[in-house]
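# Structural features, examined
Residue-level listing of the chains:
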Amino acid sequence: MASLKVYIISRLILSIPMIFILLTVVFVILRILPGDPVLAIVGMKASEEQIEKLREQLGLNKPLWAQYVDYVAGILRLDFGRSMIWGRRPVLREIMDRFPATLELSISAFIVSVFIGLTTGIASSVKSGKVDVALRIFSIVAYSLFIPLLGMLLQLIFGVYLRWLPVAGRKSPLVDIQTITGLYVLDSILTLNFRGLVTSIRYLILPSITLGVVLSGVYTRLVRSSMLDVLSRDFIRALKARGIPEAKILLKHALKNAFIPVLTMMGLQFAILLAGAVLTETTFSWPGMGTFLMERIEYRDYTTVQGTIVFYAILVSFVSLVVDTVYALIDPRIRY
Amino acid sequence: MLATTLVKIYKKRRIDFLLTVAGLAVVLSILFIALLAPYIAPYDPYVSVDEALLPPSPKHIMGTDNLGRDVYSRILYGSRTVIIVVLTSTLVSLVVGSTLGLISGYFGGKVDRALSIVMDSLYSFPGLILAIAVAAMLGPGILNTIVSISVVYIPTYFRMVRGQTLSVKNSLYVEAAVAMGASHKTILFQYIFPNVSVIIPVVFSMNVADAVLTEAGLSFLGLGVPAPIPDWGFDLKNGQRNLLAGYWWISTFPGIMIVLLALGFSLLGEGLNELLNPERR
Amino acid sequence: MALLDIENLKTYYFLPDSIVKAVDGVSLRIEEGEIVGLVGESGSGKSTLGLSILKLVPPPGRIVEGSIFFKGRDLVSLSEKEMEKIRGAQISMVFQDPLTSLDPLMRVGDQLVETIMAHREVSKSEAVELAKKYLEMVGIGGERFYDYPHQFSGGMRQRSMIAMAISTNPSLLIADEPTTALDVIVQAQIMKLFEKLRKELKLSIILITHDISVAMEIADKIGVMYAGQLVEFASSYEIYREPLHPYTKGLMEAVPNIELADMKLHYIPGDPPDLSNPPIGCRFAPRCKEKMDICEREVPPEIRVKDRFVRCFLYG
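Since the model is a prediction, treat every value here as computed from it, not as a measurement.

What counts, and where the lines are drawn
- Residues numbered from 1 in each chain as written.
- Chains lettered and ligands numbered in written order.
- Predicted model: local features only at pLDDT ≥ 70, side-chain atom pairs only at ≥ 80, totals over all residues.
- Helix = DSSP H or I, 4+ residues; strand = E, 2+ residues; numbered from the N terminus.
- Contact = placed C-beta atoms within 7 Å.
- Buried ≥ 20, exposed ≤ 12 C-beta atoms within 10 Å, placed from the backbone.
- Pairing = 2+ DSSP bridges.
- pLDDT = per-residue confidence, 0-100.
- Nonpolar A, V, L, I, M, F, W, Y, C, P; charged D, E, K, R; others polar.
- Axes fitted to C-alpha atoms, helices over the stretch in contact; angles between N-to-C directions.
- Expected span 1.5 Å × (residues − 1).
- Arc of directions from axis to C-beta.
- Core = buried A, V, L, I, M, F, W, Y, C linked by C-beta atoms within 7 Å.
- Parallel < 35°, antiparallel > 145°, perpendicular 65-115°, else oblique.
- Left-handed = near helix turned anticlockwise from the far one by under 90°.

## Observations regarding the overall build of chain C
When you go through chain C residue by residue, the secondary structure sums to nine helices and twelve strands. Principal axes of the C-alpha set define a box for chain C whose edges measure 65 × 50 × 40 Å. Counted over contacts in chain C with a minimum sequence separation of 6, partners at least 24 positions apart contribute 65%.

Structure follows, in structure tokens:
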């Protein structure tokens with residue numbers, strides 16, 4: 001397996017310039033665009049002195065290249081800046097407070113979307129005719145559903161009319177959950193907290209389904225086209241000629257091969273997932289990175305906003321690296 | 001001639017044809033509404049015309065919002081806002097992205113490498129979050145919203161056009177043309193451009209569908225089209241606080257319009273894609 | 001009793017605008033331990049015939065009429081599940097392009113094991129041993145068991161396909177253009193391999209090819225197909241010595257002969273007919289140098305000449 005190690009290391013080395021570029025692009029967007037953040041923070045009525053003081057505090061009076069160096073050096077030290085509002089708390093720490101919530105939502109939504117996507121995608125590729133068309137239309141509709149709309153409708157039906165499920169937040173205020181990882185479901189299991197488990201799952205259902213259904217629209221199409229392509233390949237016919245049963249061909253051979261193009265897209269899917277999570281969190285008042293970002297934008301907490309965007313950039317690059325590694329694990333043609 | 005081709009397509013690929021037509025119908029209807037809004041809207045969407053929070057009735061077929069404005073009129077005028085913002089930004093992305101992609105792919109070298117890496121990084125970043133970052137820095141306003149959304153989709157066109165340009169440039173018949181002394185201009189216009197143009201309609205449709213959702217997302221989050229300009233995303237957010245109290249019409253109608261417009265363009269794109277690049281079974 | 005007895009087989013493809021009669025009334029008999037070459041140009045229906053035997057004809061094609069008796073059972077009437085037991089176990093098939101015939105994500109040895117375990121009652125470790133043995137039999141070292149398909153050369157891939165085909169002790173092997181995608185030297189190796197398998201395992205082989213000279217190398221009998229019909233069937237020696245059907249004569253003449261001084265390349269002028277609208281009467285008539293009036297009016301039946309068949313009015 002030495003070649004796998006080599007691959008991971010070379011991939012890591014390759015991703016460094018990518019992350020750098022991303023950080024630089026973020027820097028360009030956040031600093032070079034018109035709009036004076038200082039004025040936005042203090043308003044037009046502040047005195048010259050106040051403005052200067054704030055500028056110095058933020059390091060905005062330094063030349064651009066010096067700011068850039070500070071910025072990069074800071075990130076390398078894992079210093080993403082300090083909040084301009086809440087007593088200069090380190091931004092990274094604040095992000096890490098919120099990150100588990102987004103992670104938990106993302107994971108459950110991902111599971112929902114993969115489940116729906118795989119079943120409908122495979123069914124769509126195997127059965128022709130009306131079933132295929134119906135499923136294709138379903139996936140197009142699913143992806144076009146505006147997340148806040150779907151979320152609100154589900155809230156209305158299941159939260160208000162039927163009163164089955166809660167509509168906002170991560171857990172009931174009446175229940176305490178001792179946090180180890182920050183993922184409430186996992187923590188409840190680890191601390192044998194049954195009430196915690198129940199409440200965290202109940203609050204997770206609607207947001208996960210909302211985000212999951214919309215995401216599945218993308219997966220269905222991807223799985224379907226990938227399966228169609230694989231099923232028309234010669235080795236499938238050869239397998240049939242050897243008398244291998246149909247189900248085995250489908251699940252063991254076709255799906256595995258079809259999964260590769262799906263996997264290569266997973267990096268991009270993760271980006272779509274993060275974006276969708278922002279809308280989902282806002283709709284369901286889910287205390288994750290998305291609501292955090294919007295909140296800080298409203299408060300004009302400029303440094304925190306910048307730090308959060310940087311965090312997103314690094315997160316996406318990291319996941320992309322992981323996806324590529326998994327891809328190398330599955331497809332032997334890459335390694336040898 | 002066109003009629004016979006259409007009939008032939010209908011016979012052979014009925015479903016894809018119907019999908020395309022359905023998508024086209026939806027899109028055209030909404031465009032129509034946008035054009036005729038000032039003539040069909042019963043009320044002024046900017047002012048309060050009645051009591052707030054009235055349910056749908058013959059007088060207000062979609063009810064009134066929390067400020068007493070007629071929801072139906074706001075929907076009609078909102079279509080103009082959405083269409084203008086979305087089409088403008090995607091066209092800007094198309095022009096800028098395609099031009100850069102063409103130059104980058106055709107001339108290659110350091111410029112190409114630098115541009116590619118920047119575009120790839122942008123492309124891999126979550127679209128809506130990128131739009132949020134740009135919009136947050138630029139501030140509110142229609143023009144700023146257009147810029148924010150354009151930035152998100154420039155890499156899409158860049159990559160696509162660059163890819164096509166490269167594959168055409170490296171193909172044998174272009175090599176032959178170069179060997180016969182064809183000028184840059186000839187190669188670009190006679191060979192590369194026609195090949196690239198074929199895939200643009202499909203990508204454009206899918207792109208607009210995505211842009212509709214991005215625009216709605218931005219406005220929903222308060223970073224897009226500012227009040228009191230009628231906008232579906234903004235109105236959706238506006239109705240949220242009263243939703244759980246049972247006033248469902250303020251958010252639902254704008255939401256349905258967003259989905260319809262996105263759906264229309266998606267169906268159009270999907271249908272065109274199937275017709276132009278049919279899949280084998 | 002013959003191993004394989006095909007009677008009046010018809011396989012058509014039902015396209016939206018037309019019906020392509022790929023195999024239109026073919027009867028053929030193969031004995032145990034016999035190698036039969038099925039020769040014809042593209043579109044003659046030979047591949048479809050091979051696929052029909054295993055009922056692998058892809059939709060929109062299907063068997064319309066006729067029977068295929070294998071060891072006394074009519075395959076046409078069997079269900080899909082019953083066919084699965086026969087495919088790969090009693091009748092095996094290898095295809096033209098070995099590159100795309102193997103699952104790229106699975107080791108070659110594992111694919112062999114999968115086939116063996118699907119049809120033989122053996123444990124996993126026994127299957128592994130058998131797999132290695134069969135790889136050796138086709139001339140691939142046992143240590144290559146752990147390699148992936150892309151690490152094999154074209155010839156090796158084809159040989160591993162053959163190993164997979166024989167690992168279940170089938171009685172019949174259908175080889176559809178097995179060497180067309182390979183170079184001449186590898187081709188010779190594969191042909192030698194077929195001979196060896198026939199001798200050691202008493203394996204019957206249907207060798208489908210467009211190249212009559214390839215078939216002549218190892219086939220005992222040769223069936224010549226044209227436009228969905230079998231136009232001549234005889235031992236390869238007889239075909240070589242005295243081809244009867246004008247088409248067969250054309251094929252034999254078209255084979256470039258390095259020894260003859262005549263440097264001209266012979267070919268059969270004209271094109272094969274449209275199978276969705278075949279000509280009335282003999283299908284080769286439009287291109288035939290020796291055609292007579294009756295040829296354009298009636299379809300020639302199969303005429304016995306000594307112990308061979310010809311579908312031509314010249315002989316009866």
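## Quick notes on the overall build of chain A
Assigned secondary structure in chain A consists of 15 helices and zero strands. Out of the 336 residues belonging to chain A, those deemed buried represent 41%. A separation of at least 24 residues holds for 71% of the contacts in chain A among residues at least 6 apart in sequence.

## Quick notes on the pairing of strand E7 (residues 172-176) of chain C
Residue and element names in this part refer to chain C. Within E7, five of the five residues are buried, which leaves the element mostly enclosed by the surrounding structure. Where burial is concerned, the two faces of E7 agree: the one with Leu172, Ile174 and Asp176 and the one with Leu173 and Ala175 are both buried. Where strand E6 (residues 91-94) lies against E7, four bridges are found, and the strand directions are parallel. By the bridge assignment, isoleucine 91 is partnered in E7 with leucine 172.

## Digging into the confidence of the model for chain C
The predicted model of chain C has a mean per-residue pLDDT of 86, with 97% of residues at 70 or higher. Across the whole predicted complex the pTM is 0.79, and at the interface the ipTM reaches 0.88.

## Describing the confidence of the model for chain A
Of all residues in chain A, 88% have pLDDT values of 70 or greater, and the mean over the chain is 82. Ranking the elements of chain A by mean pLDDT puts helix H2 (residues 37-42) of chain A last, at 60, and helix H7 (residues 147-161) of chain A first, at 91.

## Quick look at the interface of chain A and chain B
Contact with chain A, which involves 43 residues of that partner, is made by 40 residues of chain B. When residues of the side of chain A that touches chain B are traced back to their parent elements, those giving at least two are helix H1 (2-32), helix H6 (130-144), H7, helix H12 (266-284), helix H13 (289-298) and helix H14 (302-330) of chain A. The element contributing the most residues to the side of chain A that touches chain B is H12(A), with nine residues. Broken down by class, the residue content of the side of chain A that touches chain B amounts to 35 nonpolar, eight polar and no charged.

## Focus on the interface of chain A and chain C
It is common to give the size of an interface as the accessible area lost on bringing the parts into contact. Contacts between chain A and chain C engage 18 residues on the former and 24 residues on the latter. At six residues, helix H10 (residues 234-241) of chain A tops the list of elements feeding residues into the side of chain A that touches chain C. When its residues are assigned to classes, the side of chain A that touches chain C shows seven nonpolar, three polar and eight charged.

## Points about the sheet that holds strand E4 (residues 61-70) of chain C
Residues and elements named next belong to chain C. Pairing within the open sheet is antiparallel, and its four strands lie in the order E2-E1-E4-E5. Here the strands that pair on one side only, and so sit at the sheet edges, are strand E2 (19-30) and strand E5 (73-74). Where strand E1 (residues 4-14) meets E2, nine bridges bridge the pair, whose relative direction is antiparallel. Bridge pairing in E2 links lysine 10 to aspartate 24. Here helix H1 (residues 46-53) sits on the sheet in contact with E1, E2 and E4, set at roughly 65° to E2.

## Describing helix H4 (residues 124-137) of chain C
Residues and elements named next belong to chain C. Over its 14 residues, H4 runs 20 Å from end to end, which matches the ideal 20 Å to within 8%, given 1.5 Å per residue. Within H4, burial applies to Ala127, Ala131, Lys132, Tyr134 and Leu135. Taken around the axis of H4, the buried residues stretch over an arc of 165°, which confines them to a single face. Of the exposed residues in H4, the ones pointing more than 90 degrees away from its buried face are Ser125, Lys133 and Glu136. Looking one or two places after H4, you find glycine 139, whose phi comes out positive at around 90°.

## Remarks on the arrangement of the chains
Contacts between protein chains span two pairs of chains, and they are most numerous for chains A and B. Here chain B and chain C are not in contact; the least distance found between their C-alpha atoms is 8 Å.

## So, the sheet that holds strand E3 (residues 35-39) of chain C
Residue and element names in this part refer to chain C. Judged by pairing direction, the sheet is mixed, and its eight strands sit side by side in the order E6-E7-E8-E3-E9-E10-E12-E11 without closing on themselves. Among the strands making up the open sheet, the edge pair consists of E6 and strand E11 (303-305). Mean inter-strand twist for the sheet, computed between neighbouring axes without regard to direction, equals 20°.

## Observations concerning unusual backbone geometry
Here the residue pair B:Ala227 and B:Pro228 is connected by a cis peptide bond, since its omega of -5° sits within 30 degrees of zero. Here the bond from C:Pro59 into C:Pro60 is cis, since omega is 10°, no more than 30 degrees from zero. A positive phi angle is found at B:Leu53, which is not glycine, with a value near 55°. Its 18 C-beta neighbours within 10 Å are what place B:Leu53 among the partly exposed residues. The backbone phi angle of C:Asn169 is positive, close to 55°, even though this residue is not glycine. With respect to the element layout, C:Asn169 can be found in the loop between helix H5 (154-166) and E7.

## Notes on the nonpolar core
Among the nonpolar cores identified, the biggest contains 226 residues, and B:Ile129, B:Val212, B:Ile258 and C:Leu207 are the most heavily contacted of them. Among the elements that line this core, the one with the most residues is helix H10 (residues 249-276) of chain B, at 13 residues. Residues in contact with B:Val212, not counting those within four places in the same chain, are B:Val82, B:Val86, B:Ile258, B:Leu261, B:Ala262 and B:Phe265.

## Considering the packing of helix H4 (residues 109-124) of chain B against helix H6 (residues 142-169) of chain B
Residue and element names in this part refer to chain B. At a closest axis distance of 9 Å, the pairing of H4 and H6 adopts a crossing angle of 125°. In terms of axis orientation, H4 runs oblique to H6. For H4 against H6, the interelement crossing comes out left-handed. Across the interface between the two elements, Met119, Leu122 and Tyr123 of H4 pack against Pro155, Thr156, Phe158 and Arg159 of H6. Looking at the contact of H4 with H6, its residues break down into five nonpolar, one polar and one charged.

## Focus: the packing of helix H3 (residues 71-107) of chain B against H10(B)
All names here are of chain B. The geometry of H3 relative to H10 is characterised by a closest axis approach of 11 Å and an angle of 35° between their N-to-C directions. Where H3 crosses over H10, the two elements pack in a sense that is right-handed. Every residue of H10 that contacts H3 at Val71, Ile75, Gly78 and Val82 is listed here: Trp249, Ile250, Phe253, Pro254, Met257 and Leu261. Per-class residue counts for the contact of H3 with H10 are nine nonpolar, one polar and no charged.

## Describing the pairing of E3(C)
Residue and element names in this part refer to chain C. Burial within E3 is extensive, with five of its five residues counted as buried. Burial along E3 is two-sided: Ile35, Gly37 and Val39 and Val36 and Leu38, pointing in opposite directions, are all buried. Here five bridges tie E3 to strand E8 (residues 204-209), and the two strands are oriented parallel to one another. Along E8, the bridge assignment pairs isoleucine 35 with isoleucine 205. For E3 and strand E9 (residues 221-226), the ladder comprises four bridges, and the chain directions are parallel. Bridge pairing links valine 36 to lysine 221 in E9.

## Examining helix H9 (residues 232-243) of chain B
With twelve residues, H9(B) should reach 16 Å at 1.5 Å per residue; the first-to-last C-alpha distance of 16 Å fits that figure. Among the twelve residues in H9(B), nine count as buried, and that is most of the element. Buried residues of H9(B): B:Trp232, B:Gly233, B:Phe234, B:Asp235, B:Leu236, B:Lys237, B:Asn238, B:Gly239 and B:Leu243, and no others. Residues of H9(B) that are buried make contact with H7 of chain A together with H3, helix H8 (184-220) and H10 of chain B.

## Points about the environment of C:Met83
Residue and element names in this part refer to chain C. Examined against the element boundaries, methionine 83 turns out to sit in helix H2 (residues 80-86). Through-space distance from the C-alpha of methionine 83 to that of leucine 54 is 7.4 Å; in sequence the pair is 29 residues apart. Sequence-distant contacts of methionine 83, that is, excluding residues within four places in its chain, are made with Lys55 and Leu78.

## A word on the environment of C:Tyr315
Residue and element names in this part refer to chain C. Positionally, tyrosine 315 belongs in the segment after strand E12 (308-310). Measuring from C-alpha to C-alpha, the distance between tyrosine 315 and glutamate 302 comes to 9.9 Å, with 13 residues separating the pair along the chain. Beyond its immediate stretch of four places on either side in the chain, tyrosine 315 contacts Leu244, Ile303, Val305 and Val310.

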